[in-house]
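Tertiary structure, described
Okay, here's what each chain looks like letter by letter:
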Amino acid sequence: MKIGDLAAAAATPVETIRYYEREGLLPAPARTAGGFRVYEAQHRERLQFIRHCRGLDMSLDEVRALLRFRDQPGADCGDVNALLDEHIGHVSQRIKELRALEKQLKGLRQRCGSARAPEQCGILQGLAEAAPASPAEAGPHRRSLHGH
């Protein structure tokens, strides 16, 4: 199948497929004489596996490790368990961070009960009071705890 067919079959954008190839998560497909990529069923299965892992918020490194385990079917799955336990810990930590964020946002929201002019808005005043003096103090905005 061509890359567009694979993209449709796995509900994955073409650019994402190419990215996974560059990252070594998907093996390079055979090519036609005209240079078109030709994907097989195993590419689709592997891509679906990757997408499922990513849907569980696993990092590319975690997915890469899981693929290595998957490619060695005779190996002990203790390392897979350890990887998943570590990921569960990341998720638990992220949940704690999100609960703290929710509390902060609710506190801000309570500072303003009605529509007012911007200079009287308790939310805007609260944000200004809590704003760090420099971007370095703010820290990086993180979508997830472990670097996606």
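Residues numbered from 1 in each chain as written. Predicted model: local features only at pLDDT ≥ 70, side-chain atom pairs only at ≥ 80, totals over all residues. Heavy atoms only, no water.

Some remarks on the packing of helix α2 (residues 14-22) against helix α3 (residues 41-55)
The criterion, for reference: In this analysis, axes come from line fits to C-alpha atoms, helices being fitted only over the stretch in contact, and the angle between any two N-to-C directions falls in the range 0 to 180 degrees. What counts as a helix is a DSSP run of H or I of at least four residues, what counts as a strand is a run of E of at least two, and both are numbered from the N terminus. Any angle from 65 to 115 degrees is called roughly perpendicular, while one under 35 is roughly parallel, one over 145 is roughly antiparallel, and all others are oblique. The criterion used for residue contact is that any of the two residues' heavy atoms lie within 4.5 Å. Gly is placed with the polar residues, together with every amino acid not listed as nonpolar (Ala, Val, Leu, Ile, Met, Phe, Trp, Tyr, Cys and Pro) or charged (Asp, Glu, Lys and Arg).
Following both chains from N to C, one finds α2 and α3 inclined at 95°, their axes separated by 12 Å at the closest point. With respect to each other, α2 and α3 are oriented roughly perpendicular. On the side of α2, the interface is formed by Thr16, Ile17 and Tyr20, while α3 contributes Leu47, Ile50, Arg51 and Arg54. Grouping the constituent residues of the contact of α2 with α3 by class yields four nonpolar, one polar and two charged.

Concerning unusual backbone geometry
Located in the positive-phi region is Ala11, a residue other than glycine, with phi close to 50°. The residue Ala11 is located in the loop between α1 (3-10) and α2 in this model. Of note, the phi angle at Asp57 is positive, near 65°, even though the residue is not glycine. Locating Asp57 in the fold gives a position in the loop between α3 and α4 (60-70).

A look at the pattern of salt bridges
The condition is simple: Take a side-chain nitrogen of Lys or Arg and a carboxyl oxygen of Asp or Glu: if they are within 4 Å of each other, that pair is a salt bridge. In this scheme, a residue with accessible area under 20% of its type's maximum is buried, one over 50% is exposed, and one in between is partly exposed, where area comes from a 1.4 Å probe on protein chains only.
Summed over the entire model, instances satisfying the criterion amount to eight salt bridges. The partner of Asp61 in a salt bridge is Arg64, with the nearest N and O atoms 2.8 Å apart. Placement of the pair is Asp61 and Arg64 together in helix α4, with a separation of three residues, close to one helical turn. A relative accessible area of 54% places Asp61 in the exposed class. With a relative accessible area of 22%, Arg64 lands in the partly exposed category. The shortest N-O distance in the salt bridge between Arg111 and Glu129 comes to 3.3 Å. Placement of Arg111 in the loop between α5 (78-109) and α6 (122-130) and of Glu129 in helix α6 is noted, with a sequence separation of 18 residues between them.

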